[in-house]
Amino acid sequence: MMDQIKIDFNKVIEPLKLSKENLDLRKKNLNEFINVGFPNKKLEEWKFSDLNQIISSNIKNLKFFDKELVYKKSIDPILIDQLPQKHFEHNKIIVVNGIVNTINFENEDIKKIKIIDKIENQSLNVKNSLVSLNNAFISNYLKIIIKENYALNKPLIIYNITDKKISSTNINQRLDIVLENNSKLNLINLLTDYSDNNFININHQFKVGKDAILKNYKIDGKQNSNIKYFYNEIDLDQNSLVENFVLSSGSKFIKNEINCNLKGKYSSAFINGIINLNKSQQHEIKTNINHLAENTKSYQLIKSVLNESSKGIFQGKIFVDSKAQKTNGYQLSKALLLNENTEFDGKPELEIYADDVKCSHGSTSGSLDENSIFYLMSRGLNHQEAKKLLINGFLLDVIEKITDLEVKKLVKNIMQIKE
């Protein structure tokens, strides 16, 4: 595989016409990935998921280059027609097979938004082989800057689409978003896969300025056999707020990794997520909340519903620096196991170096209450309807924490939960 990586690397960089500095940086990242490879259970952060084994078992002859990813200029109109664009008014970015196809901010004052599509020569100070892989192979880059004191009139939906032409391919995607002071953005990342058996590696970097608000929603609901890794790095300045929601349901394997750095006092981070799985799916949400300034706040609630032979994982860590006095951190994960073949692994962590803090964490798992099912059946529901009602009630606690009403309605519609 490593020989193939080197061959494909040369094919990727050839049409990009990179500077020597940028090329050297990419080669450095390539070597870092080759030295480590795909992560496995020997790494503490991957103790529940052997990505190397998952890829080799599900994707034969993985390619790191496909000319469709670099040279494709058009999009199948059928795919456009199938996008859920009529739910509510919004701005949109359409990404097909990792390549930005459409950017439309028709609802906004475009002078207040800066768009950069030239790949910037920057290195992330992260020891992560998948980030290195992304940095080495990225062929399409997008950076959006929301200027100071501007709140977008409408949400921005990123339609992340893969089509049937792509198979057994590694797709790398990078998006940077900067919210300058006192700006606001509601962002919805809607993943729709018509492809199968690909490894999709997405890197999102967020800088949230003073008094800025980011609402970041990620929805993966369409059934597919792709393997995905999301890396999200979020830096928060003074009095800023980030609301994160993850619906993890559609793909064969997903690991969502979210690193929030509360660097400014009175900054807040909220992470809510749902893992809803069937068959042999395996999904993981991993969070690192780093309280690096005083009077910061974080809240995490993750709920999993696991059926058949699926596996759900939550690893959550709250880190409190010695400078971060008066920190308030809360973390809870709950899992509902619908049969004996499912598995849930939880690893909540606290690492605290300050003495004036309020932090708590917990993780529970269990099955549906048979007495509750019996009661609902006595009220006229059949067994399946009773189970569905209890599951919906279990998950609604997370969904109701979505503060954007249109997104809340969209999630309920995807999950077929009646208002």
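Just so it is clear, the structure is predicted and the values come from calculations on it, not from any experiment.

A. A look at the nonpolar core. In terms of nonpolar packing, the biggest core is built from 38 residues, with I144, I177, L185, I234 and C260 touching the most fellow members. When residues of this core are assigned to their parent elements, the largest contribution, 4 residues, is made by strand β13 (residues 268-277). If sequence neighbours within four positions are ignored, C260 has contacts with I234, L236, N244, A269, I271, N288, I289 and N290. If you look at the next biggest cluster of nonpolar residues, it comprises 34 residues, including L301, L336, F394 and M415.

B. Molecular detail of empty space enclosed by the protein. Counting across every chain of the model gives 5 cavities of 30 Å³ or more. Quantified by volume, the second largest cavity comes out at close to 100 Å³. Forming the boundary of the second largest cavity are 15 residues, of which L69, F137, S139, N170 and N172 lie nearest the centre. Contributing elements (two or more residues each) for the lining of the second largest cavity: α4 (67-71) and β6 (170-179). For the lining of the second largest cavity, the element with the most residues is β6, which contributes 3 residues. Its residues assigned to classes, the lining of the second largest cavity shows 9 nonpolar, 5 polar and 1 charged.

C. Highlighting the layout of surface pockets. The calculated volume of the largest pocket comes to roughly 790 Å³. N125, V126, K127, N128 and Y231 are the residues nearest the centre of the largest pocket, which is lined by 33 residues in total. Of the residues contributing to the lining of the largest pocket, the split by class is 9 nonpolar, 12 polar and 12 charged. In this model, the second largest pocket occupies a volume close to 460 Å³. Every residue lining the second largest pocket is counted, 21 residues in all, and those nearest its centre are S249, N276, N278, K388 and M415. For the lining of the second largest pocket, the secondary structure elements donating two or more residues are β13, β15 (297-306) and α8 (383-399). Looking at which element gives the most residues to the lining of the second largest pocket, the answer is α8, with 6 residues. When the residues that make up the lining of the second largest pocket are grouped by side-chain class, the tally is 9 nonpolar, 10 polar and 2 charged.

D. Examining the sheet that holds strand β11 (residues 241-248) more closely. An order of β2-β1-β5-β7-β9-β11-β13-β15-β17-β19 is seen for the 10 strands of this open sheet, with the pairing classed as mixed. The strands lining the two open edges of the sheet, one partner per strand, are β2 (99-104) and β19 (357-366). Each strand axis lies, on average, 10 degrees off the axis of its neighbour in the sheet, ignoring direction. Sheet analysis places β13 next to β15, joined by 10 bridges and oriented parallel. The partner of N276 across the bridge, within β15, is V305. Sheet contacts for α8: β11, β13, β15 and β17 (327-337); angle to β15, the most-contacted strand, approximately 160 degrees. Sitting on the sheet, helix α9 (residues 405-414) is in contact with β7 (184-193), β9 (213-220) and β11, with an inclination near 10 degrees to β9.

E. Expanded view of a nonpolar patch on the surface. A cluster of nonpolar side chains, namely I103, I110 and I115, defines an oily patch on the protein surface of about 230 Å² accessible area. Mapped onto the elements, I110 comes out in the loop between β2 and β3 (113-116). For I110, a relative accessible area of 48% corresponds to the partly exposed category.

F. Local environment of the pattern of salt bridges. Enumeration over the complete set of coordinates arrives at 19 salt bridges. Salt-bridge contacts for R174 lead to D176; the nearest nitrogen and oxygen are separated by 2.7 Å. By the burial criterion, R174 is buried, and D176 matches it. When the shortest N-O distance is used, the salt bridge between K412 and E400 registers 3.0 Å. Here K412, found in helix α9, pairs with E400, found in the loop between α8 and α9; they are 12 residues apart in sequence, far enough to count as distant. Among the charged side chains, a network of salt bridges with common partners joins E44, K47, K347 and E349.

Rules behind the numbers
Residues numbered from 1 in each chain as written. Predicted model: local features only at pLDDT ≥ 70, side-chain atom pairs only at ≥ 80, totals over all residues. Heavy atoms only, no water. Core = buried A, V, L, I, M, F, W, Y, C linked by side-chain atoms within 4.5 Å. Buried < 20%, exposed > 50% of the residue type's maximum accessible area, 1.4 Å probe, protein only. Helix = DSSP H or I, 4+ residues; strand = E, 2+ residues; numbered from the N terminus. Contact = heavy atoms within 4.5 Å. 1 Å grid on protein atoms, 1.4 Å probe; cavity = no way out; pocket = protein on both sides within 12 Å on 5 of 7 lines; lining within 4 Å. Points joined across faces, edges and corners; volume = space filled by probe spheres on them. Nonpolar A, V, L, I, M, F, W, Y, C, P; charged D, E, K, R; others polar. Pairing = 2+ DSSP bridges. Axes fitted to C-alpha atoms, helices over the stretch in contact; angles between N-to-C directions. Patch = residues over 30% accessible without salt bridge, like charges linked within 9 Å, V, L, I, M, F, W, Y side chains within 5 Å. Areas by Shrake-Rupley, 256 points an atom, 1.4 Å probe, with all protein chains shown as cover. Salt bridge = Lys/Arg side-chain N within 4 Å of Asp/Glu carboxyl O.

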